[in-house]
Amino acid sequence: MHDRDAPGLDVKRLICVFLINLLAATAFADTRTDEAFQNLADEFINDLANISPVLATSVGDHSADGELDNVDDAARAEVLSLYRQYKAALEALDRNELTRANQIDAEMLLHEVESSIWSIETLQEWAWNPLYYVDKSGNAIYGLMARDYAPIEQRLMAAASRLEQLPRFLDQARGSIEPERVPKIHAETAIKQNPGLSSIIEAMIVPQMEVLPGEQKVRLNAAIEAAGNALADHQTWLEEELLPRANGDFRIGAELYDTKLAFALNSPMFRKEITARAEQEYETVRNRMYEVAKEVYAGKHPFTAFPDNPDESYKQALIRAALEEAYRKLPPRDGIVEIAKQYLQQASDFVVEHDIVTMPEEPVEIIIMPEFRRGVAVAYLDPPGPLDKDQPAFYAVAPLPEDWTDEQAESFLREYNLLSLQDLTIHEGVPGHYLQIALSNRYPSPLRSVLWSGPVVEGWAVYAEEMMIEEGYMDGDPLMRLINLKWYLRVVTNAIIDSAIHVDGMTREAAMKLMVEGGFQEEREAAGKWVRAQLTSAQLSTYFVGYLEHKEMRAAVQERWGDDFTLRRYHDQVLSYGSPPARFVRALMLGDDIPRRGD
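Remember, it's a predicted structure, so these values are computed and weren't measured experimentally.

### Notes on the overall build of the protein
Thinking step 1. Within the protein, the secondary structure is distributed over 26 helices and 3 strands.
Thinking step 2. Along the longest, intermediate and shortest principal axes, the C-alpha atoms of the protein span 85 × 60 × 45 Å.
Thinking step 3. The 599 residues of the protein split such that 58% are buried.
Thinking step 4. Once local pairs closer than 6 in sequence are excluded, the contacts in the protein between residues at least 24 apart make up 80%.
Thinking step 5. Carbon and sulfur atoms provide 50% of the accessible area of the protein, an area that totals close to 24800 Å².

This is the structure:
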């Protein structure tokens, strides 16, 4: 955040508090209430630079690009105080007097504020998750250098300023972390990821330094040297001080999990219902896979007679035999990025030809995943900040680790075979994350774009995978349908293991068995998911919940619209509201009352 000792910050805070309280107190008529809330929303967006300069950069506010977050006790107290001021101001507003759009934004902002307060005060990842600091320091530089939102000279000097502050940042991080509370897996992953910032400096800063005049180049070189020394010291601390003392439980338990899940979802669905529906869907999807597997197998062996009442072991064997046909289509070890580029164009052409949804014109690039972000997911879509305009989205793919054996590499490539890469590109690219976020970011409310809903975004991408297959992508190829069902089964098993691990104590052996035997995942994929499930909580469920909400919303709208329903009309309207939680989108689509907390 901005330097807490900078002159004018306390005055700004007093003015901010006065403005918020004044607006809330005088909001006695519809227009005045909307005006009061809009000012409050604008002030919150402006305050992101005080809450976290790195966050502000990521959403496209570049007013604090030269600042690196303070992460000590005093900084947390200041941020907590600010959140509480916003909470009080929001609660003072009569939200019944707001427009429907502002009612949604007000609900989202209050939800965000309450979630942030709970995260700082109760969840306290700042005290036990060293990845919190690795991620923030990596994003601090990556966010400046990845996109050309400003002249390179300006961005390089902002990077110099942040690198100069890195020793202070890492010192504060070590002072905040309580080693005995740190789970071992978090310490081990931080040790792997911490050097990633050095790779960002070498790959994204050093090659461009020649554009700077002498004094600025000298300053940047000194900043790089200081940052390198600080990173080396931090690496030593992680390896020699933190790891030997890391004795925390990665399982966060029922109470923390349920609250975190409620904040993550902002949905009427809760843990027990999610688990029950996922377990039911698990059986349904496996049965559907068996029916498709019969098609695949009969295509190779047309005289096969299938039993009328096969047992589970027979179904298991037949599905595996059919999947082996897909596993024959493997990408080269170093060719995943090029193949993803081809598939992105193919999916885009299909969407246009079949009039499925408006195609955005915003740029998208497929890149190798930065080192500091590896180890959690195989791929992700990194969109530009909603306040940044005309900047590219990045579809990032992780390369295979160089130390993997041939057996491990083959396991990974079997999981991410050519048909799976089709599905992955639909999910991350078109009409998945890239398309959805590009269109939803056109919504005029910056607040709604900044506070986007994870379940809506992830659920849309899962829905998009299925919808494309239903519309005939890959000409109805049964192998493609089988792989799509396998990927959806992964979403289902993710929802099962998420709470089972963190609440019910599911072991690695049980989780691996469910994923490998039940979900037909390869060993490398399942092993990676076990690591991800330990490092995160309440996130793996967002895909399944978001998918269910999208499917149920589409069914309700299709019934309401009748013969007027078309995919293009439906998809364009759903995405026109931005990415608020699904219960709000559904209310807008159907003309229902805007839900409130507790509904």
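### Considerations on the side chain of Arg-286
Thinking step 1. By the secondary structure assignment, Arg-286 is in helix H13 (residues 271-300).
Thinking step 2. In contact with Arg-286, other than residues within four places in its own chain, are Glu-312, Gln-316, Ile-319, Leu-489, Glu-517, Gly-518 and Phe-520.

### Some remarks on the nonpolar core
Thinking step 1. Of all hydrophobic cores here, the largest spans 201 residues; its most connected members are Phe-44 and Ile-205.
Thinking step 2. Among the elements that take part in this core, helix H21 (residues 478-502) stands out by supplying 15 residues, more than any other.
Thinking step 3. Here Phe-44 is in contact with Ile-51, Tyr-83, Tyr-86, Leu-109, Glu-112, Val-113, Leu-447 and Leu-451, once residues within four sequence places are set aside.

### Thoughts on helix H7 (residues 131-145)
Thinking step 1. For H7, built from 15 residues, the straight-helix expectation of 21 Å at 1.5 Å per residue is met to within 8% by its first-to-last C-alpha distance of 21 Å.
Thinking step 2. Its maximal kink placed at Asn-139, H7 deviates by approximately 25°.
Thinking step 3. Of all 15 residues in H7, 12 are buried; the element is thus mostly enclosed.
Thinking step 4. When H7 is considered as a whole, its buried residues turn out to be Leu-131, Tyr-133, Val-134, Lys-136, Ser-137, Gly-138, Asn-139, Ala-140, Ile-141, Tyr-142, Leu-144 and Met-145.

### With respect to the side chain of Gln-422
Thinking step 1. Relative to the assigned elements, Gln-422 resides in helix H17 (residues 418-428).
Thinking step 2. Note on Gln-422: relative accessible area 3%, which makes it buried.

### A few points about the environment of Leu-419
Thinking step 1. When you line up the elements, Leu-419 lands in helix H17.
Thinking step 2. The spatial distance from the C-alpha of Leu-419 to the C-alpha of Tyr-343 is 9.9 Å, given a sequence separation of 76 residues.
Thinking step 3. Contact partners of Leu-419, with chain neighbours within four places excluded, come to Ala-326, Lys-329, Met-474, Asp-477, Leu-479, Met-480 and Ile-483.

### A short note on the packing of helix H10 (residues 196-205) against helix H11 (residues 214-245)
Between two packed helices, the angle of one axis relative to the other and the distance separating the axes together describe the packing.
Thinking step 1. Two elements in contact, H10 and H11, have axes whose closest approach is 10 Å; the angle formed by their N-to-C orientations is 160°. By the angle class used here, H10 and H11 are roughly antiparallel. The interaxial crossing formed by H10 with H11 has left-handed handedness. Of H11, the residues touching H10 (which contributes Leu-197, Ser-198, Ile-201 and Ile-205) are Leu-220, Ile-224 and Leu-231.
Thinking step 2. When the residues that make up the contact of H10 with H11 are grouped by side-chain class, the tally is 6 nonpolar, 1 polar and no charged.

### Topic: the packing of helix H22 (residues 508-518) against helix H23 (residues 523-535)
Thinking step 1. With their axes 9 Å apart at the nearest point, H22 and H23 run at an angle of 135° to one another. Taken together, the axis directions place H22 and H23 in an arrangement best described as oblique. The handedness of the crossing between H22 and H23 is right-handed. Of H23, the residues touching H22 (which contributes Arg-508, Ala-511, Met-512, Met-515 and Val-516) are Glu-523, Ala-526, Ala-527, Lys-529 and Trp-530.

### Focus: the packing of aromatic side chains
Thinking step 1. Across all of its chains, the model carries 16 aromatic pairs by this definition.
Thinking step 2. For the pair Tyr-290 and Tyr-314, a centre-to-centre distance of 6.4 Å together with 70° between the ring planes defines the contact as edge-to-face. Of this pair, Tyr-290 sits in helix H13 while Tyr-314 sits in helix H14 (residues 312-327); the two residues are 24 residues apart in sequence, bridging distant segments of the chain.
Thinking step 3. According to the relative accessible area criterion, Tyr-290 is buried, its value standing at 3%.
Thinking step 4. Given a relative accessible area of 29%, Tyr-314 falls into the partly exposed group.
Thinking step 5. Taking 5.2 Å as the distance between ring centres and 80° as the angle between the ring planes, the aromatic pair formed by Phe-350 and Tyr-473 counts as edge-to-face. Here the residue Phe-350 occupies a position in helix H15 (residues 336-353), and Tyr-473 occupies one in the loop between helix H20 (454-470) and H21, the gap between them amounting to 123 residues. For the pair formed by Phe-350 and Tyr-473, the shared burial category is buried.

### Remarks on the confidence of the model for the protein
Thinking step 1. Of the residues in the protein, 94% have a pLDDT of 70 or more, and the chain-wide mean is 93.
Thinking step 2. Low pLDDT, under 50, characterises residues 1-9; the predicted model gives this stretch 28 contacts beyond four residues in sequence or across chains.
Thinking step 3. When the criterion is pLDDT under 50, residues 24-29 qualifies, and its contacts beyond four places in sequence or with other chains add up to 12 contacts.

Rules and cut-offs
- Residues numbered from 1 in each chain as written.
- Predicted model: local features only at pLDDT ≥ 70, side-chain atom pairs only at ≥ 80, totals over all residues.
- Heavy atoms only, no water.
- Helix = DSSP H or I, 4+ residues; strand = E, 2+ residues; numbered from the N terminus.
- Buried < 20%, exposed > 50% of the residue type's maximum accessible area, 1.4 Å probe, protein only.
- Contact = heavy atoms within 4.5 Å.
- Areas by Shrake-Rupley, 256 points an atom, 1.4 Å probe, with all protein chains shown as cover.
- Core = buried A, V, L, I, M, F, W, Y, C linked by side-chain atoms within 4.5 Å.
- Expected span 1.5 Å × (residues − 1).
- Bend = angle between axes of the 7 residues up to and from the residue.
- Axes fitted to C-alpha atoms, helices over the stretch in contact; angles between N-to-C directions.
- Parallel < 35°, antiparallel > 145°, perpendicular 65-115°, else oblique.
- Left-handed = near helix turned anticlockwise from the far one by under 90°.
- Nonpolar A, V, L, I, M, F, W, Y, C, P; charged D, E, K, R; others polar.
- Phe/Tyr/Trp six-rings, centres within 6.5 Å; stacked < 30°, edge-to-face > 60°.
- pLDDT = per-residue confidence, 0-100.

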